[in-house]
Amino acid sequence: MNTVEQLLAKPFIGLKREEKLIVKQLGPHRPDLNLQQSSLDRGKLYTRSFTNTWYTKVDWLTGCPSTNTLFCFPCLLFGGETPWTKKGVKDLKHLSDKVKKHAHTKIHMENLTRLGMLGDTPIEAHISEAYRKKIRKHNEAVDRNRHVLSKIIDCIRFCGDFELALRGHDESEGSANPGIFKGLLVLLASIDHVMEAHLSSATVFKGTSKIIQNELLECMLEIVKSTIVQELKNTDFVAIQANDTTDVATKTQSVLVFRYLDSDNTVVERFYGFTHLRDSCAESISSVILQELNLIFSEQPQKQKLIAQSYDGAAVISGTSGGVQKKIKDVYPNAHYVHCYAHQLNLIMQQSVGKISEAKIFFSDVGGMAALFARSPKRTEVLHTIVNRRIPKGGPTRWNFHIRTIWLIYQYRVDLEKCFDTIEANLDFDHKSRNEARGFARTLQDRDFQFLLFLFFKIMPQVETLYETLQKREIYTIHVETAINDFVTSITKVREGVDNLDSTLPNDSTFSNRRKDISSRVRISKEICDTIIMQAKERFSFTKHLLWSQRTNEDVENPAIYEHLVKPQAAELIFGQIKQRRRGASLLFCYNTANNPSV
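Residues numbered from 1 in each chain as written. Predicted model: local features only at pLDDT ≥ 70, side-chain atom pairs only at ≥ 80, totals over all residues. Heavy atoms only, no water.

Visitor: How should I be thinking about the overall build of the protein in this particular structure?
Guide: Helix and strand counts for the protein come out as 26 helices and nine strands. By residue count, 42% of the 599 residues in the protein fall in the buried class. For the protein, restricting intrachain contacts to residue pairs at least 6 apart in sequence, the fraction spanning at least 24 positions comes to 65%. About 33,200 Å² of surface is accessible on the protein, with carbon and sulfur atoms providing 52% of the total. (Helix = DSSP H or I, 4+ residues; strand = E, 2+ residues; numbered from the N terminus. Buried < 20%, exposed > 50% of the residue type's maximum accessible area, 1.4 Å probe, protein only. Contact = heavy atoms within 4.5 Å. Areas by Shrake-Rupley, 256 points an atom, 1.4 Å probe, with all protein chains shown as cover.)

What follows is the structure, given as structure tokens:
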């Protein structure tokens, strides 16, 4: 075990402790070497031969019979100068000088010391019992602090999982209304003596302040982001989804979501974070998105990974010259823009009412009625007593939600009039509430409002049906085309029945302010229907890309059939995205056609 050949083949540092002690006990291997050197000195030829007396003079010297070279035993064990540890020394003429020079090097003396101390009792074993107790106490404190910190982080994660606020209105000692987070810590303290001791005795770090909570959240977010970034760098294809939202402080912020293939070639969706926006212009939104993307895809080859981007259909987003999608694509040429598919229905309804003032006023009145009862428990009690129903509020981005509001107003119009009359006549209500109730009572009796109420009562169920079709997880071209044709046919029938709509209206109106005659109402109603039909045909005119999804759903187990179109990994991302889309965001990812003209 102590020969040069063995130590070169199996380094000393990789041996077990028992084997190292055996090598030390054996000491340097001192074989007979057939080492000779001839040299010419002053015209005379000398031949020098190595003798074993050198082993007696230099106790750290060892030899290798296979190469007839000399090595330093301590440096061979622990590492040192290359001639004495790797190559070997065979210059007999200058051997004496080389030995003296090597013996005085720092690395040689350190190796001699390490070899001498090998196997001796560590110095830590000789220290006092008090020092060992101090070390043990320190380690116990570290374990206790880690335990406490892990429980605090678990409480924060619990609140995050169930979307609960960390802090309450009053976090002071003895408060009857603390936050969820503090309540969880108190609960843990009742079943964990370590947490109980920490909360009762901690003076420096207790973990309940909002500063500590925010710092822990930031640390957790950084860990999650670093994991996502590492996965994004290892994947081949990435797609992004982005949209704007408003926080509780009414500040506009951007939401960024990544979709990509993980190590198991499974499509995953990762929420990356919020970023505050200066304003809602294309320049501001694109700069925020690019700033986040450039931190992840810093090198040019990595920019080819981004193959798709999806947002809503606003002009500031979808503009082909100055929109957000164009600015992103200028930097990431493979990032094809695909409109959020189900979101197009919202744009259809927006176009139908946004440009027609009468329809816009109608939906404003409908929303005002719902808001009147939603803002006051006292007014809600009146509604519950008479109607025994609540008026749901329609969403500004989900127009199919308006069907519930319109249906209730249509079905309970007479009862709602009683509610408004009750609020107006009751002096317990404030002056503003009574005025609003009087105005809405007259609105319900207004012929123009009733005409549009009956019209949209016939239109909105068709919107609901179309919305449900577009929200299905597996969507095919034939399904979309059939749904659009049925939708257009239904709206066309509604348009044809507009001429006879006035005859179906109730005749119990006591408020006879007829702002428009029948022909004007018919014209406005037909204009609304025509706008809906035109927008539906235009915005859903292109459905051929869904053929790809259809073929994939039929034969997704055989991705080889798509190799002539795109790379299989990109195809898997596209197919998985279509099948797993959520919240109506049907992102149809494409691969760069410039790289593959056959697409």
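Visitor: Where do I start with empty space enclosed by the protein in this structure?
Guide: If a probe the size of a water molecule is rolled over the atoms, the empty space left behind becomes visible. Per the counting criterion, the structure on display carries one cavity of 30 Å³ or more. When its volume is computed, the largest cavity comes out at roughly 70 Å³. Lining of the largest cavity is provided by Lys 225, Ser 254, Val 255, Leu 256, Tyr 272, Gly 273, Phe 274, Thr 275, Val 288, Ile 289 and Glu 292. Grouping the constituent residues of the lining of the largest cavity by class yields six nonpolar, three polar and two charged. (1 Å grid on protein atoms, 1.4 Å probe; cavity = no way out; pocket = protein on both sides within 12 Å on 5 of 7 lines; lining within 4 Å. Points joined across faces, edges and corners; volume = space filled by probe spheres on them. Nonpolar A, V, L, I, M, F, W, Y, C, P; charged D, E, K, R; others polar.)

Visitor: What's the story with the pairing of strand β7 (residues 267-276) in this structure? I'm lost.
Guide: In the case of a regular strand, side chains alternate between the two sheet surfaces. Looking at chain direction, strand β6 (residues 252-261) and β7 are connected through nine bridges and run antiparallel. Pairing of Val 255 across the sheet is with Phe 274, part of β7. Connecting β6 to the antiparallel partner β7 that follows it, the hairpin turn spans five residues, and Asn 265 within it adopts a positive phi of roughly 60 degrees. (Pairing = 2+ DSSP bridges.)

Visitor: Looking at this model, I keep getting lost on the nonpolar core. Mind explaining?
Guide: Nonpolar side chains in soluble globular proteins generally cluster together in the buried interior. Membership of the largest hydrophobic core comes to 58 residues, with the highest contact counts inside it found for Phe 362, Leu 416, Phe 420, Leu 455, Phe 456, Ile 459 and Ile 528. Secondary-structure elements contributing two or more residues to this core are α17 (357-374), α18 (377-386), α19 (402-411), α20 (413-425), α21 (431-445), α22 (447-470), α23 (477-496) and α24 (518-539). The element that contributes the greatest number of residues to this core is α22, accounting for 13 residues. Apart from the residues within four sequence positions on either side, Phe 420 is in contact with Met 369, Leu 372, Phe 373, Ala 437, Phe 440, Ala 441 and Leu 444. Membership of the second largest hydrophobic core comes to 28 residues, among which are Val 229, Ala 242, Leu 290 and Tyr 311. (Core = buried A, V, L, I, M, F, W, Y, C linked by side-chain atoms within 4.5 Å.)

Visitor: I would appreciate a short explanation of the layout of surface pockets in the present structure.
Guide: Within this model, the largest pocket holds a volume of roughly 1,100 Å³. In this structure, the largest pocket is lined by 26 residues; those nearest its centre are Gly 160, Leu 166, Leu 217, Phe 271 and Phe 274. Counting only elements with at least two residues in the lining of the largest pocket, the list comes to α8 (129-161), α11 (210-234) and β7. Ranked by the residues each element gives to the lining of the largest pocket, the list is headed by α11, at nine residues. Grouping the constituent residues of the lining of the largest pocket by class yields 14 nonpolar, five polar and seven charged.

Visitor: How should I be thinking about helix α9 (residues 180-191) in this particular structure?
Guide: Side chains three or four residues apart in an α-helix point the same way, a direct result of the helix having 3.6 residues per turn. Relative to the 16 Å expected for 12 residues at 1.5 Å per residue, α9 spans 17 Å between its end C-alpha atoms, a close match to the ideal helical length. Looking only at α9, the buried set comprises Phe 181, Lys 182, Leu 184, Leu 185, Leu 188 and Ala 189. Projected onto a plane normal to the axis of α9, the buried residues spread over an arc of 155 degrees and lie on a single side. Every exposed residue of α9 that faces more than 90 degrees away from the buried side is listed here: Val 186, Ser 190 and Ile 191. (Expected span 1.5 Å × (residues − 1). Arc of directions from axis to C-beta.)

Visitor: Explain the packing of aromatic side chains to me, please; I cannot follow it from the model alone.
Guide: Here a ring pair, both rings aromatic, is described through the centre-centre distance and the interplanar angle of the planes. Across all of its chains, the model carries 16 aromatic pairs by this definition. Ring centres 5.3 Å apart and planes at 80 degrees place the aromatic pair Phe 362 and Phe 363 in the edge-to-face group. Comparing Phe 362 with Phe 363 shows no difference in burial state: the two are buried. Pairing Tyr 410 with Phe 457 gives two aromatic rings, centres 3.8 Å apart and planes at 15 degrees, and the pair type is stacked. Within this pair, whereas Tyr 410 is found in helix α19, its partner Phe 457 is found in helix α22, the two being separated by 47 residues in sequence. These aromatic residues form a ring-pair network of at least three members: Phe 362, Phe 363, Phe 449 and Phe 456. A cation sits over an aromatic face here: Lys 57 above Trp 54, 5.1 Å from the ring centre. For the cation-ring pair, Lys 225 lies above Tyr 272, with the distance from its terminal atom to the ring centre recorded as 4.8 Å. (Phe/Tyr/Trp six-rings, centres within 6.5 Å; stacked < 30°, edge-to-face > 60°. Lys NZ or Arg CZ within 6 Å of the ring centre and 35° of its normal.)

Visitor: In this structure, what is going on with the packing of α17 against α22? I would like to understand it.
Guide: Two numbers describe a pair of packed helices, the interaxial angle and the distance between the axes. With their axes 10 Å apart at the nearest point, α17 and α22 run at an angle of 85 degrees to one another. In terms of orientation, α17 lies roughly perpendicular with respect to α22. Between α17, through Glu 358, Ala 359, Phe 362, Phe 363, Asp 365, Val 366 and Met 369, and α22, the contact on the second element is made entirely by Phe 449, Leu 452, Leu 453 and Phe 456. Classifying every residue of the contact of α17 with α22 by side-chain character gives nine nonpolar, no polar and two charged. (Axes fitted to C-alpha atoms, helices over the stretch in contact; angles between N-to-C directions. Parallel < 35°, antiparallel > 145°, perpendicular 65-115°, else oblique.)

Visitor: Sorry, what's going on with a nonpolar patch on the surface here?
Guide: Judged by side-chain polarity, Phe 158, Phe 162, Leu 164 and Ile 180 come together as a nonpolar surface patch covering roughly 360 Å² of accessible area. Assignment of secondary structure puts Leu 164 in the loop between α8 and α9. (Patch = residues over 30% accessible without salt bridge, like charges linked within 9 Å, V, L, I, M, F, W, Y side chains within 5 Å. Salt bridge = Lys/Arg side-chain N within 4 Å of Asp/Glu carboxyl O.)

Visitor: Sorry, what's going on with the pattern of salt bridges here?
Guide: Where side chains of opposite charge bring their charged atoms close, a pairing between them can arise. A complete count under the given rule lists 10 salt bridges for this structure. Between Glu 424 and Arg 438 there is a salt bridge; the shortest N-O distance is 2.8 Å. Residue Glu 424 is located in helix α20, and its partner Arg 438 is located in helix α21; the two are separated by 14 residues in the primary sequence. Overall, Arg 438 belongs to the partly exposed group, its relative accessible area being 30%. Arg 523 is paired through a salt bridge with Glu 527; the nearest N and O atoms lie 3.9 Å apart.

Visitor: Any chance you could explain the side chain of His 102 here in plain terms?
Guide: Mapped onto the elements, His 102 comes out in helix α6 (residues 95-103). Once residues within four sequence positions are removed from consideration, His 102 is found in contact with Trp 60, Cys 72, Cys 75, Glu 81, Trp 84 and His 108.

Visitor: Would you explain unusual backbone geometry in this entry?
Guide: Note: most peptide bonds trans; most residues except glycine with negative phi. Even without being glycine, Glu 163 reaches a positive phi, approximately 55 degrees. Among the structural elements, Glu 163 can be located in the loop between α8 and α9. Phi at Asn 388 is positive, roughly 60 degrees, even though this residue is not glycine. Mapped onto the secondary structure, Asn 388 falls in the loop between α18 and α19.

Visitor: Help me understand the confidence of the model for the protein in this model?
Guide: Reading fine detail from the predicted coordinates is not recommended where pLDDT is low. Considering every residue of the protein, the mean pLDDT works out to 79; 80% of them sit at 70 or more. The low-confidence segment residues 548-568, where pLDDT is below 50, has 31 contacts with residues more than four positions distant or belonging to other chains. Note on residues 574-599: pLDDT is under 50 here. Beyond four places in sequence and across chains, it has 80 contacts. (pLDDT = per-residue confidence, 0-100.)

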